[in-house]
Amino acid sequence: MLPGDLLIVGIIIGAILIYNIIKMGQSYAAKRRVLKAGKAEAAARRFLESEGYRILAVQERVPIVTKINGKPHKSYIQADLIVQKGKSVFVVDVKTGDAAQKPAAPENRRQLLEYFLVYRPDGVLVLDMDNQKIYHMEFQIKFPSSKGLNPVPYILSFCAGVLATLLFIKGGTFS
C-alpha cells in the first residue's frame, strides 16, 4: 500500500468515526430532551392538580387527514394535556426553556392556534414548568366572509347618485 492510499483510508475511517460520534451525540441529546419533557409533563400534572385543574387526558391524539391534490395524507395533532377547571376545558402545552417564556412567539402561536382549532377548548394554557407559571391564551378569530362583499350599500349609493344627478339636471324640481 502506498502512502497516498493510507491517507485516503485514514480520511475515510476518520469521516466514518466523526459521523458516528455526531450521530451518537444527537441521539443522546434527543433522549435527554424526551426524558426532560416526560419529567416536566409529570410535574405539570401535579402542578395543575394543585392549582385546581382536573386532568382529563394525557397525550391525546386527534387524527387529521390532509388532502393534497386529492391524495389523502394521514397525520395527527397531539396535545400534552387536556384539563378542566370548573366548567371550562383547556388544552395545555407544557414548555421548558426559552420557548416557555414566549407563548405569543409565531412558532408557539401557530401550534397553540392549531390546538385551539382542533380541540375546540375554552382556552389554551401554556405551562412554563421552569418557572411554574401558567399563561392563559384565548383566540378571538374573525373569519373573512366567504360570500364576498354585501352589495346593498353599493346599490343604495348608486341610487342616491342617480337621484342627485337627476335633481341637478332638472334644477332641483321633479315636475
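You'll find the structure just up there.
(A) Local environment of a nonpolar patch on the surface. On the surface, Val9, Ile13, Leu17, Ile21 and Met24 cluster together to form a nonpolar patch covering roughly 490 Å² of accessible area. Among the structural elements, Ile21 can be located in helix 1 (residues 3-50). Owing to a relative accessible area of 55%, Ile21 belongs among the exposed residues under this scheme.

(B) Highlighting the side chain of Asp80. Mapped onto the fold, Asp80 is located in the loop between strand 3 (71-78) and strand 4 (81-85). One buried charged side chain, Asp80, makes no salt bridge at all; its nearest oppositely charged neighbour is Lys95, positioned 6.8 Å away. Here the side chain of Asp80 touches Val94 through a polar contact of 2.7 Å, landing on its backbone nitrogen.

(C) Just the pairing of strand 7 (residues 133-137), in detail. As judged from the 5 bridges shared by strand 6 (residues 123-128) and strand 7, these two strands associate in the antiparallel manner. Bridge pairing links Leu127 to Ile134 in strand 7.

(D) Spatial organisation of the environment of Ala79. Within the secondary structure, Ala79 is located in the loop between strand 3 and strand 4. Beyond its immediate chain neighbours, meaning those up to four positions away, Ala79 contacts Gln59, Glu60, Val91, Tyr115 and Tyr119.

(E) Focus on the side chain of Gln84. In this structure, Gln84 sits in strand 4. Within the structure, the side chain of Gln84 is placed 2.7 Å from the side chain of Arg54, a separation counted as a polar contact. A polar atom in the side chain of Gln84 sits 3.1 Å from the backbone oxygen of Gly86. Once residues lying within four places of it in the same chain are set aside, the contact partners of Gln84 are Gly52, Tyr53, Arg54, Leu56 and Val89.

(F) Fine view of the sheet that holds strand 7. If you walk across this open sheet you meet the 5 strands as 1-4-5-6-7, and the pairing is mixed. Looking at which strands have only one partner, the edges of the open sheet turn out to be strand 1 (54-58) and strand 7. The sheet shows a mean angle of 30 degrees between the axes of neighbouring strands, direction not considered. Across the sheet, helix 2 (residues 106-119) lies against strand 4, strand 5 (88-95), strand 6 and strand 7, angled at about 150 degrees from strand 5, the strand it touches most.

(G) Region of the structure containing unusual backbone geometry. Positive phi, normally seen in glycine, also occurs at Gln59, with a value near 55 degrees. Looking at the secondary structure, you find Gln59 in the loop between strand 1 and strand 2 (61-68). Positive phi outside glycine occurs at Gln132, with the angle close to 45 degrees. Summarising the element assignment, Gln132 is placed in the loop between strand 6 and strand 7.

(H) Structural view of the pattern of salt bridges. In total, this model carries 1 salt bridge according to the counting rule given. The partner of Lys95 in a salt bridge is Asp93, and the shortest N-O contact between them spans 3.1 Å. Of the two residues, Lys95 and Asp93, neither departs from the other in class, the shared state being buried.

(I) Representation of the nonpolar core. Counting residues in each nonpolar core, the largest one holds 15 residues, and the members touching the most others are Ala79, Ile82, Val91, Leu112, Tyr115, Tyr119 and Val124. Contributions of two or more residues to this core are made by helix 2, strand 6 and strand 7. In terms of residue count, helix 2 provides more of this core than any other element does, 4 residues in total. Filtering out sequence-adjacent residues up to four positions away, Tyr115 remains in contact with Ile77, Gln78, Ala79, Val91, Asp93, Arg120 and Pro121. Membership of the second largest hydrophobic core comes to 13 residues, among which are Ala44, Phe47, Leu125 and Met129.

(J) Local environment of the environment of Lys95. Note on placement: Lys95 falls in strand 5. Once the C-alpha coordinates of Lys95 and Leu127 are considered, the two residues, 32 residues apart in sequence, prove to be 5.9 Å apart. A polar atom in the side chain of Lys95 sits 3.1 Å from the side chain of Gln111.

Parameters and conventions
- Residues numbered from 1 in each chain as written.
- Predicted model: local features only at pLDDT ≥ 70, side-chain atom pairs only at ≥ 80, totals over all residues.
- Heavy atoms only, no water.
- Patch = residues over 30% accessible without salt bridge, like charges linked within 9 Å, V, L, I, M, F, W, Y side chains within 5 Å.
- Areas by Shrake-Rupley, 256 points an atom, 1.4 Å probe, with all protein chains shown as cover.
- Salt bridge = Lys/Arg side-chain N within 4 Å of Asp/Glu carboxyl O.
- Helix = DSSP H or I, 4+ residues; strand = E, 2+ residues; numbered from the N terminus.
- Buried < 20%, exposed > 50% of the residue type's maximum accessible area, 1.4 Å probe, protein only.
- Lys, Arg positive; Asp, Glu negative; His and termini not counted.
- Polar contact = N/O pair within 3.5 Å; in protein donor to acceptor, adjacent residues only side chain to side chain.
- Pairing = 2+ DSSP bridges.
- Contact = heavy atoms within 4.5 Å.
- Axes fitted to C-alpha atoms, helices over the stretch in contact; angles between N-to-C directions.
- Core = buried A, V, L, I, M, F, W, Y, C linked by side-chain atoms within 4.5 Å.

Structural measurements only, silent on function.
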